[in-house]
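Residue strings, one per chain:
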Amino acid sequence: MSVHLHWFLPTGGDGRTLVDRHAYTDGGVRRDRITPVSGVRAPDVGYLAQIAKAAEQLGFEAVLTPTGTWCEDAWLTTMALSQVTERLKFLVAFRPGVISPVLAAQMAATFQRVSRGRLLLNVVTGGDSTEQKRFGDHLGHDQRYARTDEFLQVVRGVWGGRPFDFRGEHYEVEGGLTALPPDPLPEIFFGGSSAAAGPVAARNVDVYLTWGEPPEQVKQKIDWIRGLAEREGRTVRFGIRLHTLSRDASKEAWATANRLLDDLDQDTVAAAQQALGRSESVGQQRMLALHGGSRDKLEISPNLWAGVGLVRGGAGTALVGSHAEVADRIEEYHALGIEHFVLSGYPHLEEAYWFGEGVRPELAARGLLAAGPAPLAGVPAANGRPASAPGGAPLLVSGGTEPEPGGR
């Protein structure tokens, strides 16, 4: 089992701090408790294309796009970027509750043909009722997972190339059909830590994704999902969603992490924690429990730092250390059964180079990467910085004492 490396496409904006143009207060609608932050990069197609091309050049297999109110639409954005890349795949996140499963199956088939087989699907059931209601979805938490179960059954059914009938609690389909099924069928990624999520993963998905919890907790999740899948007569593979901050020396990486914390005043952290605490997502609550809203003891496991989760929802932990140390941690997760690593960093352009030119060679030297197209040749590093990155991949710097909170 080889390691598959993926990067993140910040379609909600990017920058040099953990906070950006989004706002936690009242779900990001009111801005009276925040002030603008400098250095924010808008998610225009030019900048996103830079990240996508960098990821492709550096040997990442795919890029993940988020979904939600504060992001550009993942389907449209990635389709545009497929036209300026050659082999990079796109892990497109979408919510099953706001689209017909037959239409989603058709969209996936079209995407596969236009992109020449470069689509992966990330099904996001949704853990925030406020966010769901913005899109007209009023189901409760467990009902949303039940609907996702039916949704995926329909999608796989209509990919069969013959008329497909389905009658369930949430969907009724008569003669559902994707006239030209996708080839290959897109792999389906899915995450969820609640009791309602596990059976959905076991019955339907190819890759179960977890956020970056300490290894022992990740092992418990793997054992849980693997056991459920075995009872369904299926095999599920596993992935993990993490930020990364690696440098030539460990002290440089931790100094950068500390600079990220310098941007966070207590009011910003408190506002973020209050908003995140309202989430119905069990996975989100597990992320919050790792740090408890405190800056103390944020290294919750060797080289695993929970500082991101002080102000950002979703993936709240980062691998921090030297390139070799970060590779050690990836190797540790891999030994537990993690195959897919979906990574990110702030800013995403520069951190892609730090990881791609620093950690990826370490993993290759250990025989953890599958044989495939090598990263495109770049300019040799100079002065301890990846010279092929714009600006030489400088260290992150403080952007102010009252930055604008944000999250996905």
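Residues numbered from 1 in each chain as written. Predicted model: local features only at pLDDT ≥ 70, side-chain atom pairs only at ≥ 80, totals over all residues. Heavy atoms only, no water.

1. Section: the overall build of the protein
So, step 1. Tallying secondary structure elements over the protein gives 12 helices and 13 strands in all.
So, step 2. For the protein, with 408 residues in total, the buried portion stands at 57%.
So, step 3. Taking all contacts inside the protein whose residues are at least 6 apart in sequence as the whole, residues at least 24 apart take part in 76%.
So, step 4. For the protein, the exposed area adds up to about 16,100 Å²; of that, 51% sits on carbon and sulfur atoms. (Helix = DSSP H or I, 4+ residues; strand = E, 2+ residues; numbered from the N terminus. Buried < 20%, exposed > 50% of the residue type's maximum accessible area, 1.4 Å probe, protein only. Contact = heavy atoms within 4.5 Å. Areas by Shrake-Rupley, 256 points an atom, 1.4 Å probe, with all protein chains shown as cover.)

2. Some remarks on unusual backbone geometry
So, step 1. Note the cis peptide between Asp-183 and Pro-184, where omega equals 5°.
So, step 2. Structurally, Pro-184 can be placed in the loop between strand E6 (172–176) and strand E7 (188–191).
So, step 3. Of note, the phi angle at Lys-297 is positive, near 55°, even though the residue is not glycine.
So, step 4. Residue position: Lys-297 is located in the loop between helix H10 (282–291) and strand E10 (299–301).
So, step 5. Its identity as a non-glycine residue notwithstanding, Asn-303 has a phi of 65°, on the positive side.

3. Describing the pattern of salt bridges
So, step 1. Within this structure, the stated rule accounts for 20 salt bridges.
So, step 2. Between Lys-221 and Glu-213 there is a salt bridge whose closest N-O contact spans 3.5 Å.
So, step 3. For Lys-221, a relative accessible area of 7% corresponds to the buried category.
So, step 4. Of the charged contacts, one joins Arg-366 and Glu-331 as a salt bridge, the two residues approaching to 2.8 Å between their closest N and O atoms. Of this pair, Arg-366 sits in the segment after helix H12 (348–365) while Glu-331 is found in helix H11 (residues 323–336), placing the two residues 35 residues apart along the sequence.
So, step 5. Each of Asp-328, Glu-331, Glu-362 and Arg-366 takes part in salt bridges that share partners, so that together they form one network. (Salt bridge = Lys/Arg side-chain N within 4 Å of Asp/Glu carboxyl O.)

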